[in-house]
Amino acid sequence: MQSSVGLYLLEGEPLDTVAETDANLTALLTALHFAADKHRDQRRKSREACPYINHPIEVAEILSRVGGVTDLATLQAAILHDTIEDTQTTAEELEARFGAEVRRLVEEVSDDQRLPKAERKRLQIEYAPLLSPKAKLIKIADKISNVRDVTHSPPAHWPHQRRCDYLDWAEKVVVGLRGSNLAVDALFDYTLKEGRRLLAATSSNLTASSG
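Described below are features of the structure shown in this document.

## What about the overall build of the protein chain?
Next up, step 1: Across its full length, the protein chain carries 10 helices and zero strands.
Next up, step 2: When its helices and strands are written in sequence order, the protein chain yields α-α-α-α-α-α-α-α-α-α.
Next up, step 3: Taken across its 211 residues, the protein chain has 41% of its residues classed as buried.
Next up, step 4: Taking the intrachain contacts of the protein chain between residues at least 6 apart in sequence as the baseline, contacts between residues at least 24 apart amount to 67%.

Below, the structure is given as C-alpha cells:
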C-alpha cells in the first residue's frame, strides 16, 4: 500500500495545493505581462513620468500585502484595471484571456471615456456603493495609489488647489467603497491624512515665500 507521505512535499504541503499555487502564480504573471504590454508606451502624469505599469502593480501589491487578498481574479483585475479605460484593450479580449469574472471586475472599475471628465468623476461617487465587494477593493487601492502620487509627485502643471481638490473628491468616492477590507480602509485613511498634512505644509511654505 502506498504511503500517504508520498503525496506531500518535504515542507508538508499537499501536491495539489502546490500545483494550485503554481497555477495561480503563472496566471498572475500572465496578467502582469499582458498589462505591461498594453501600457508599454504610457507614462504616469507625475513629474518623474514613471512607467504607467508601476501603478497597477502598486494597486495589486496593496491588496496583497496590506489587505491579505489572495483571490486570483481580484489580483488579476487589479493589475488589468486600467486596460479597458486607458488602452485599446476590449472587454471581449479580457474575457478571452482571463475569464468572465476578471472582465466584469475591470468593467466595474472603468470609467466611460465618452463622458466629460466632470461627469465621470460624479458617477464614480454615485456608483461606488453599488460596486461588488471585489471591485470596491480594487477601487480603493487605486485611490490610495493616486492620492500618493498627487501628494508626493503630482503632474507638473497641477496647482496646489487642484491637488487638494483631488484628495477631497477621492474621499467622497471612498465613502461608498468601505467595508470590504478594514486594513485597506485604514491605509486609505492614513494616506489621505498624511497627504493633507503634506499639502498643508506646502501651502504654508508657499504663503511664507510670497510674503
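## Overview of the pattern of salt bridges
Next up, step 1: On inspection of all chains with the given rule, the structure shows 19 salt bridges.
Next up, step 2: Ionic pairing is found between R122 and E126, a salt bridge with its closest N-O pair at 2.7 Å. Note that R122 and E126 are positioned in helix α7 (residues 117–127) at a spacing of four residues, about one turn of the helix.
Next up, step 3: The class for E126 is partly exposed, based on a relative accessible area of 42%.
Next up, step 4: The shortest N-O distance in the salt bridge between R197 and E194 comes to 2.6 Å. One end of the pair is R197 and the other is E194, both in helix α10 (residues 182–210) and three residues apart, which spans about a single turn.
Next up, step 5: Using a relative accessible area of 23% as the deciding quantity, one classes E194 as partly exposed.
Next up, step 6: One salt-bridge network, held together by shared partners, links E92, E95, R103 and E107.

## Quick notes on the packing of helix α5 (residues 91–98) against helix α6 (residues 100–108)
Next up, step 1: Axis separation between α5 and α6 bottoms out at 7 Å; the angle between their running directions is 145°. The way α5 lies across α6 gives a crossing that is right-handed. Here A91, E92, L94, E95 and F98 of α5 lie close against α6, whose contacting residues are A100, V102, R103, V106 and E107.
Next up, step 2: Each residue belonging to the contact of α5 with α6 can be placed in one class, and the counts come to six nonpolar, no polar and four charged.

## Points about the packing of aromatic side chains
Next up, step 1: Counted according to the given criterion, the structure contains three aromatic pairs.
Next up, step 2: Ring geometry for F34 versus F98: centroids 5.3 Å apart, planes at 85°, classification edge-to-face. With a gap of 64 residues between them, F34 in helix α1 (residues 15–38) and F98 in helix α5 connect regions that are remote in the sequence.
Next up, step 3: Judged by its relative accessible area of 12%, F98 is buried.

## Concerning α5
Next up, step 1: Here α5 has its buried residues at A91, L94 and F98. With its buried residues spanning 60° around the axis, α5 presents them on a single face. Turned more than 90 degrees away from the buried face of α5 sit E92 and A96, all of them exposed.
Next up, step 2: Backbone geometry just downstream of α5 places G99 in the positive-phi region, at approximately 100°.

## A short note on α7
Next up, step 1: Burial in α7 covers these residues: R120, L123 and Q124. Projected down its long axis, α7 carries its buried residues within an arc of 110°, all on one side.

## Points about the side chain of T74
Next up, step 1: On the secondary structure map, T74 appears in helix α3 (residues 72–80).
Next up, step 2: What makes T74 buried here is its relative accessible area of 1%.
Next up, step 3: Non-local contacts of T74, meaning those with residues more than four positions away in its chain, are made with L63, V69, L105, K134 and I138.

## Digging into the environment of G99
Next up, step 1: Mapped onto the fold, G99 is located in the loop between α5 and α6.
Next up, step 2: For the pair G99 and A73, spaced 26 residues apart in sequence, the C-alpha to C-alpha distance is 8.7 Å.

## Observations concerning the side chain of H39
Next up, step 1: By secondary structure assignment, the location of H39 is in the loop between α1 and α2 (54–66).
Next up, step 2: Ignoring any residue separated from it by four or fewer positions in sequence, one finds H39 in contact with Y52, I53, D82, T83, D86 and T87.

## Observations concerning the nonpolar core
Next up, step 1: One finds L63, L80, I138, Y166 and F188 to be the most contacted residues of the largest nonpolar core, which totals 45 residues.
Next up, step 2: Those elements giving two or more residues to this core turn out to be α1, α2, α3, α5, α6, α8 (133–152), α9 (160–175) and α10.
Next up, step 3: The leading source of residues in this core is α8, at eight residues.
Next up, step 4: The contact partners of F188, leaving out residues within four places of it in the chain, are I140, K143, I144, V147, A170, E171, V174 and R178.

Scoring rules and cut-offs
Residues numbered from 1 in each chain as written. Predicted model: local features only at pLDDT ≥ 70, side-chain atom pairs only at ≥ 80, totals over all residues. Heavy atoms only, no water. Helix = DSSP H or I, 4+ residues; strand = E, 2+ residues; numbered from the N terminus. Buried < 20%, exposed > 50% of the residue type's maximum accessible area, 1.4 Å probe, protein only. Contact = heavy atoms within 4.5 Å. Salt bridge = Lys/Arg side-chain N within 4 Å of Asp/Glu carboxyl O. Axes fitted to C-alpha atoms, helices over the stretch in contact; angles between N-to-C directions. Left-handed = near helix turned anticlockwise from the far one by under 90°. Nonpolar A, V, L, I, M, F, W, Y, C, P; charged D, E, K, R; others polar. Phe/Tyr/Trp six-rings, centres within 6.5 Å; stacked < 30°, edge-to-face > 60°. Arc of directions from axis to C-beta. Core = buried A, V, L, I, M, F, W, Y, C linked by side-chain atoms within 4.5 Å.

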